[in-house]
Amino acid sequence: MGNDYSVKWERSALRQLGQLYNIDYEKVYKSSKLILSRNPYGQSFGSADYPNFEFNGYHWSYIHNTIVIYRISGQESAVFIEVCYHANTGWALKAFYGEHDPL
């Protein structure tokens, strides 16, 4: 099975990835390209839906302790990673998993 979609990181998302603490940046970058190039709709954990969140409606996926937010362009057969977050923050747990930080 071949790669159906090209995966492109936006500059701002790459900057954010570089600022995340305790993350294997190269592993996240390479894995995201591999995983999302094959059936990005099936790799999605859902659509972002958090009050006043700029990327509501975008797909998100968990890749090596990082949450990547992306949009899919069927016309271009491309996935555009718009932003990423560390998955272990209280905000990420609340926004993407609906869990509340006890502190």
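To be clear, the structure that these remarks concern was listed above.
Residues numbered from 1 in each chain as written. Predicted model: local features only at pLDDT ≥ 70, side-chain atom pairs only at ≥ 80, totals over all residues. Heavy atoms only, no water.

Okay, the overall build of the protein chain next. Check the secondary structure of the protein chain and you find four helices and five strands. Written out in order from the N terminus, the α and β elements of the protein chain read β-α-α-α-β-β-β-β-α. The globule rule puts the C-alpha radius of gyration for 103 residues at 13 Å, and the 13 Å found for the protein chain is close to it. In terms of its C-alpha atoms, the protein chain occupies a principal-axis envelope of roughly 45 × 25 × 25 Å. By residue count, 41% of the 103 residues in the protein chain fall in the buried class. For the protein chain, long-range pairs separated by at least 24 residues make up 53% of all intrachain contacts whose partners lie at least 6 apart in sequence. Carbon and sulfur atoms form 47% of the exposed surface of the protein chain, whose accessible area is close to 6,300 Å². Positive and negative side-chain charges of the protein chain, numbering 9 and 10 respectively, have mean locations separated by a distance of 7 Å. (Helix = DSSP H or I, 4+ residues; strand = E, 2+ residues; numbered from the N terminus. Rg over C-alpha atoms; globule rule 2.2 N^0.38 Å. Buried < 20%, exposed > 50% of the residue type's maximum accessible area, 1.4 Å probe, protein only. Contact = heavy atoms within 4.5 Å. Areas by Shrake-Rupley, 256 points an atom, 1.4 Å probe, with all protein chains shown as cover. Lys, Arg positive; Asp, Glu negative; His and termini not counted. Charge placed at Lys NZ, Arg CZ, Asp CG, Glu CD.)

Among the structural elements, His59 can be located in strand E3 (residues 59-63). Side-chain polar atoms of His59 contact the side chain of Ser44, separated by 3.0 Å. The contacts of His59, once residues within four sequence positions are left out, are Tyr41, Ser44, Gly46, Val68, Ile69, Tyr70 and Ile72. (Polar contact = N/O pair within 3.5 Å; in protein donor to acceptor, adjacent residues only side chain to side chain.)

Turning our attention to the nonpolar core. By size, the foremost hydrophobic cluster in this structure holds 16 residues, and its most contacted members are Trp9, Leu17, Leu36, Val68, Tyr70, Val79 and Ile81. Where this core is concerned, the elements lending two or more residues are strand E1 (6-9), helix H1 (11-19), helix H2 (25-37), strand E4 (66-73) and strand E5 (78-86). With residues near it in sequence (within four places) discarded, Ile81 still touches Val7, Lys8, Trp9, Glu10, Ala13, Ser32, Leu36, Val68, Ile69 and Tyr70. Core analysis: the next-biggest nonpolar cluster, separate from the first, contains 13 residues, Ala48, Phe53, Tyr85 and Ala95 among them. (Core = buried A, V, L, I, M, F, W, Y, C linked by side-chain atoms within 4.5 Å.)

Before going further, it helps to examine the pattern of salt bridges. Evaluated as defined, the whole model comprises two salt bridges. Between Glu26 and Lys30 there is a salt bridge, with the nearest N and O atoms lying 2.8 Å from each other. With Glu26 and Lys30 both in helix H2 and four residues apart, the pair spans about one turn of that helix. A salt bridge links Glu82 to Arg71; its shortest N-O distance comes to 2.7 Å. With a gap of 11 residues between them, Glu82 in strand E5 and Arg71 in strand E4 connect regions that are remote in the sequence. (Salt bridge = Lys/Arg side-chain N within 4 Å of Asp/Glu carboxyl O.)

Moving on, we come to the packing of aromatic side chains. Overall, the coordinates contain 13 aromatic pairs when judged by the stated rule. Judged by centre distance (6.2 Å) and plane angle (40 degrees), the ring pair of Tyr85 and Phe96 falls under tilted. On the criterion of sequence distance, the pair formed by Tyr85 in strand E5 and Phe96 in helix H4 (residues 90-97) is long-range, its members being 11 residues apart. Each member of the pair, Tyr85 together with Phe96, is buried. Aromatic pair Trp91 and Phe96: ring centres 5.6 Å apart, planes at 85 degrees, arrangement edge-to-face. Using a relative accessible area of 11% as the deciding quantity, one classes Phe96 as buried. Among the aromatic residues, those joined into a ring-pair cluster are Phe45, Tyr50, Phe53, Phe55, Tyr58, Trp60, Tyr85, Trp91, Phe96 and Tyr97. (Phe/Tyr/Trp six-rings, centres within 6.5 Å; stacked < 30°, edge-to-face > 60°.)

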